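Descriptive analysis of the structure
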Amino acid sequence: MRIRICAGLCALLLASVVEPQVVRQITQSGYRTPYLSGVAIDDAGTVLVATSAVDRFGSNPDETRQILSWQLPGGAGSQVGQFERGVGPTISITDDGVWIAVTSRSDPAGQNPDGS
């Protein structure tokens, strides 16, 4: 009997926390290949970052994989930085949405001169 009461109480508590969310498509590339490689979102759900080799915002004409960012919900997207050798396909963002981590052979900060 205790298990049923606990399960019912847990379900009631969870039901009061869950809020409906609006789902919105943020991209439309027209490309048949995958547009976004890696995708990450901060804990608050306000910043989405991804990697892509598509020139989505007109700032990546050579189509090397770059970092893209969107402010959610509904904010405009932008390319974050310019990595001459591009970035890897995986990406991560800190819980607070301040820091983005990627792998790259580029040297944007002057600390990777041999491109390793």
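Please refer to the structure placed before this passage.
Residues numbered from 1 in each chain as written. Predicted model: local features only at pLDDT ≥ 70, side-chain atom pairs only at ≥ 80, totals over all residues. Heavy atoms only, no water.

1. A word on the overall build of the protein
Counting its regular elements, the protein contains one helix and six strands. Ordered by position from N to C terminus, the α and β elements of the protein give α-β-β-β-β-β-β. Counting all 116 residues of the protein, 25% fall into the buried class. Relative to all contacts within the protein whose residues are 6 or more apart in sequence, the contacts with residues 24 or more apart total 32%. Of the accessible surface of the protein, which amounts to about 8300 Å², a share of 57% is contributed by carbon and sulfur atoms. (Helix = DSSP H or I, 4+ residues; strand = E, 2+ residues; numbered from the N terminus. Buried < 20%, exposed > 50% of the residue type's maximum accessible area, 1.4 Å probe, protein only. Contact = heavy atoms within 4.5 Å. Areas by Shrake-Rupley, 256 points an atom, 1.4 Å probe, with all protein chains shown as cover.)

2. Here we look at the side chain of N60
Structurally, N60 is set in the loop between β2 (47-52) and β3 (66-71). If sequence neighbours within four positions are ignored, N60 has contacts with S52, A53, V54, D55, Q66, Q79 and Q82.

3. A look at the nonpolar core
Nonpolar side chains in soluble globular proteins tend to end up buried together. Formed by A40, V47, V49, I67, F83, V87, I91 and I93, the largest nonpolar core amounts to eight residues. Counting residues per element, the ones that place at least two in this core are β2 and β5 (91-93). When residues no more than four places from it in sequence are discounted, the contact partners of I67 are A50, S78, Q79, V80, F83, V87, I91, I100 and V102. Of all hydrophobic cores here, the second largest spans six residues; its members include L48, V54, L68 and W70. (Core = buried A, V, L, I, M, F, W, Y, C linked by side-chain atoms within 4.5 Å.)

4. Here we look at the pairing of strand β4 (residues 77-80)
As defined by bridge partners, β3 adjoins β4 across four bridges and the pair is classed as antiparallel. Bridge pairing in β4 links I67 to V80. Remark: five residues form the turn of the hairpin made by β3 and β4, two consecutive strands paired antiparallel; G74 in that turn has positive phi of roughly 75°. (Pairing = 2+ DSSP bridges.)

5. Considering unusual backbone geometry
Of the consecutive residues L72 and P73, the connecting peptide bond is found in the cis state with omega at -5°. Backbone geometry places E63, a non-glycine residue, at a positive phi of 55°. The topology assignment puts E63 in the loop between β2 and β3. A relative accessible area of 37% means that E63 is categorised as partly exposed.

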